[in-house]
Amino acid sequence: MPAPRKGPRFGKSPHHQRHILANLAAGLIAAEAIVTTEAKAKVLRPYVEKLITKAKKGGVHRQRLVVATIHDRDIAHKLFTDVGPRYADRNGGYTRILKLGPRSGDHAPMARIELV
């Protein structure tokens, strides 16, 4: 996995950003749709699509890579048994981002990211 780019991050450090993305990815795989800010959704899309591609190909090595990335064995198991085979005949484009409008508290642009 590439190191986070320099510049503004969602957390305080690269480690925190990796954990935020791992938690968002686990939530998306578990619920198959989550509501978050547009910026986080745009960063989360390629992250999750790479995990789904690994799940499509299967194998113990790729499963261990996914567990090392998202830190949750139950979610990784769901990814390899349910989500990966669902997209076996699809070449990418596993997620969809729908813009929702501003959040009421701080007017941050919100989006819903879901599995297609």
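In every chain, residue numbers begin from 1 and rise along the written sequence. Totals for whole chains, interfaces and linings use every residue, but because this is a predicted model, local features are given only for residues with pLDDT of at least 70 and side-chain atom pairs only at 80 or more, for both listing and counting. Here the side-chain values reflect all heavy atoms present in the structure, with hydrogen atoms and water set aside.

### Quick look at the pairing of strand S2 (residues 95-102)
Part 1 of the argument: If DSSP finds at least two bridges between two strands, the strands pair. Strands are runs of DSSP state E lasting at least 2 residues, helices are runs of H or I lasting at least 4, and numbering of each runs from the N terminus. Sheet analysis places S2 next to strand S3 (residues 109-115), joined by 7 bridges and oriented antiparallel. Looking at S3, one finds that Ile97 is bridged to Ile113.
Part 2 of the argument: Taking the residues that link successive antiparallel strands as the turn, the S2-S3 hairpin has 6 residues, and the phi of His107 there is positive, at about 60 degrees.

### Details of the packing of helix H3 (residues 60-70) against helix H4 (residues 73-86)
Part 1 of the argument: Every axis corresponds to a line fitted to the C-alpha atoms, with the helix fit spanning only the stretch in contact, and the corresponding angles, defined between N-to-C directions, vary from 0 to 180 degrees. Packing of H3 against H4 leaves a shortest axis separation of 9 Å and a crossing angle of 135 degrees. Put simply, H3 runs oblique to H4. When you trace H3 past H4, the crossing you get is right-handed. Every residue of H4 that contacts H3 at Arg62, Gln63, Val66, Val67 and Ile70 is listed here: Arg73, Ile75, Ala76, His77, Leu79 and Phe80. Angles are sorted into four bins: roughly parallel if under 35 degrees, roughly antiparallel if over 145, roughly perpendicular if 65 to 115, and oblique for all others. Less than a right angle of anticlockwise turn of the near helix away from the far helix marks a crossing as left-handed, whereas a clockwise turn marks it as right-handed. Contact definition: two residues touch when any of their heavy atoms are within 4.5 Å.

### Quick notes on the sheet that holds S2
Part 1 of the argument: Reading across the sheet, the 3 strands line up as S1-S3-S2 and stay open at both edges, with antiparallel pairing between neighbours. The two strands at the open ends of the sheet, each matched to only one other strand, are strand S1 (33-37) and S2. Adjacent strand axes in the sheet meet at a mean angle of 25 degrees, parallel and antiparallel pairs treated alike.
Part 2 of the argument: Each of S1, S2 and S3 touches helix H1 (residues 14-31); the most contacted strand, S1, lies at about 145 degrees to it.

### Some remarks on helix H2 (residues 38-57)
Part 1 of the argument: Expected span of a helix, by definition, is 1.5 Å for each gap between consecutive residues, and there is one gap fewer than residues. A rise of 1.5 Å per residue sets the reference length of H2, with its 20 residues, at 28 Å; its end C-alpha atoms lie 29 Å apart and thus fit the reference within 8%.
Part 2 of the argument: Note that bend, as reported per residue, equals the angle between axes fitted to the 7 residues terminating at that residue and the 7 residues originating from it. Bending of H2 peaks at approximately 30 degrees at the position of Leu44, with proline Pro46 no more than four residues after it.
Part 3 of the argument: To sort residues, take the accessible area from a 1.4 Å probe on protein chains only and compare it with the maximum for the residue type: under 20% means buried, over 50% means exposed, and anything in between is partly exposed. Here H2 has its buried residues at Glu38, Ala41, Leu44, Tyr47, Val48, Glu49, Leu51, Ile52 and Ala55.
Part 4 of the argument: Positive backbone phi, approximately 75 degrees, marks Gly58, located one or two places after H2.

### As for the nonpolar core
Part 1 of the argument: Residues belong to one nonpolar core when they are buried, are Ala, Val, Leu, Ile, Met, Phe, Trp, Tyr or Cys, and are joined through side-chain atoms within 4.5 Å. Ranked by internal contacts, the top residues of the largest apolar core, which has 28 residues, are Leu44, Ile52 and Leu79.
Part 2 of the argument: Those elements that place two or more of their residues in this core are H1, H2, H3, H4 and S3.
Part 3 of the argument: The element contributing the most residues to this core is H1, with 8 residues.
Part 4 of the argument: Among all residues touching Ile52, those that are not within four sequence positions of it are Leu79, Val83, Tyr87, Tyr94 and Leu115.

### Considering the packing of aromatic side chains
Part 1 of the argument: Stacked, tilted and edge-to-face are the three classes assigned to paired rings of Phe, Tyr and Trp, where Trp is represented by its six-membered ring and a pair needs centres within 6.5 Å; plane angles under 30 degrees give stacked, over 60 edge-to-face, the rest tilted. Counted according to the given criterion, the structure contains 1 aromatic pair.
Part 2 of the argument: The interplanar angle of 50 degrees and the centroid separation of 5.2 Å between the aromatic rings of Tyr87 and Tyr94 together place this pair among those described as tilted.
Part 3 of the argument: Overall, Tyr87 belongs to the buried group, its relative accessible area being 3%.
Part 4 of the argument: The exposure class of Tyr94 is buried, given its relative accessible area of 2%.

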